Amino acid sequence: MPTTTQRPKEVGDLRLATVCVNATDMDRAADFWSAALGYQRPERIGPDDQFAKLEDPEGTGPTVLLQRAQDIPSVPTPVHLDLYTSDRDGHIERLLKLGAARAEDWPYPERHDFVVLRDTEGNASSA
């Protein structure tokens, strides 16, 4: 019988609620991530809006918060998304069609079982 684990008492109700993604083109990033994850995007993102919130329509996943940035670092970024799926190759192809690009310059370890893609803004995610 599987055992259930519980969070340490001191963690309380602390949980991951939001993943922030830098974007130089807020609409392009919103289109990409909402299509990639099936999230709902704001109908309008104004030219002066600093943030745009993408939400899981089922309410089970964390919010993706797009944050307007002047540029995106080209070296491995401080934050990235690890995406898990039972159909990695199928989703890689789907994300490439949505505008993602393979991170050919990524410093892969000698042995790895993941692929790094960059979103439309150059942010990294691995599958």
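Bear in mind that the values here come from a model prediction, so they are computed numbers and not experimental data.

Asks: Got a minute to help me understand the sheet that holds strand S6 (residues 116-118) in this structure?
Replies: Strand order in the open sheet formed by four strands is S4-S7-S6-S5, with mixed pairing between adjacent strands. Strand pairing shows two members of the sheet lacking a second neighbour, strand S4 (81-82) and strand S5 (101-102), which therefore form its edges. Where S6 and strand S7 (residues 124-126) come together, three bridges link them in antiparallel fashion. Each bridged residue has a counterpart across the sheet, and for Leu 117 the counterpart in S7 is Ser 125.

Asks: Can you help me understand the pairing of strand S3 (residues 63-68) in this one?
Replies: Along any regular strand the residues' side chains alternate between the sheet's two faces. Relative to S3, strand S1 (residues 18-23) runs parallel, the two sharing six bridges. Each residue of the ladder has a partner; that of Val 19, found in S3, is Val 64. Sheet topology note: the strand S2 (residues 51-54)/S3 ladder contains four bridges and is antiparallel. Directly across from Lys 53, in S3, lies its bridge partner Leu 65.

Asks: Help me out: how do you make sense of the confidence of the model for the protein in this one?
Replies: Should the pLDDT be low somewhere, the predicted coordinates at that spot are not to be read in detail. In the predicted model, the protein carries a mean pLDDT of 86, and 91% of its residues have values of at least 70. Model confidence for the protein, summarised as mean pLDDT per element, is weakest for S7 at 75 and strongest for helix H1 (residues 26-37) at 96.

Asks: In this structure, what is going on with the sheet that holds S2? I would like to understand it.
Replies: Neighbouring strands of a sheet are bound in pairs by backbone hydrogen bonds; such pairs are parallel or else antiparallel. Taken together, the three strands give an open sheet; going across it, the order is S1-S3-S2, and neighbouring strands pair in mixed fashion. Sheet topology places S1 and S2 at the edges, where each strand pairs with a single neighbour. On average, each strand axis in the sheet is inclined to that of its neighbour by 25 degrees, with strand direction left out of account. Relative to the sheet, H1 contacts S1, S2 and S3, its axis offset from that of S3 by approximately 165 degrees.

Cut-offs and rules
Residues numbered from 1 in each chain as written. Predicted model: local features only at pLDDT ≥ 70, side-chain atom pairs only at ≥ 80, totals over all residues. Heavy atoms only, no water. Pairing = 2+ DSSP bridges. Helix = DSSP H or I, 4+ residues; strand = E, 2+ residues; numbered from the N terminus. pLDDT = per-residue confidence, 0-100. Axes fitted to C-alpha atoms, helices over the stretch in contact; angles between N-to-C directions. Contact = heavy atoms within 4.5 Å.

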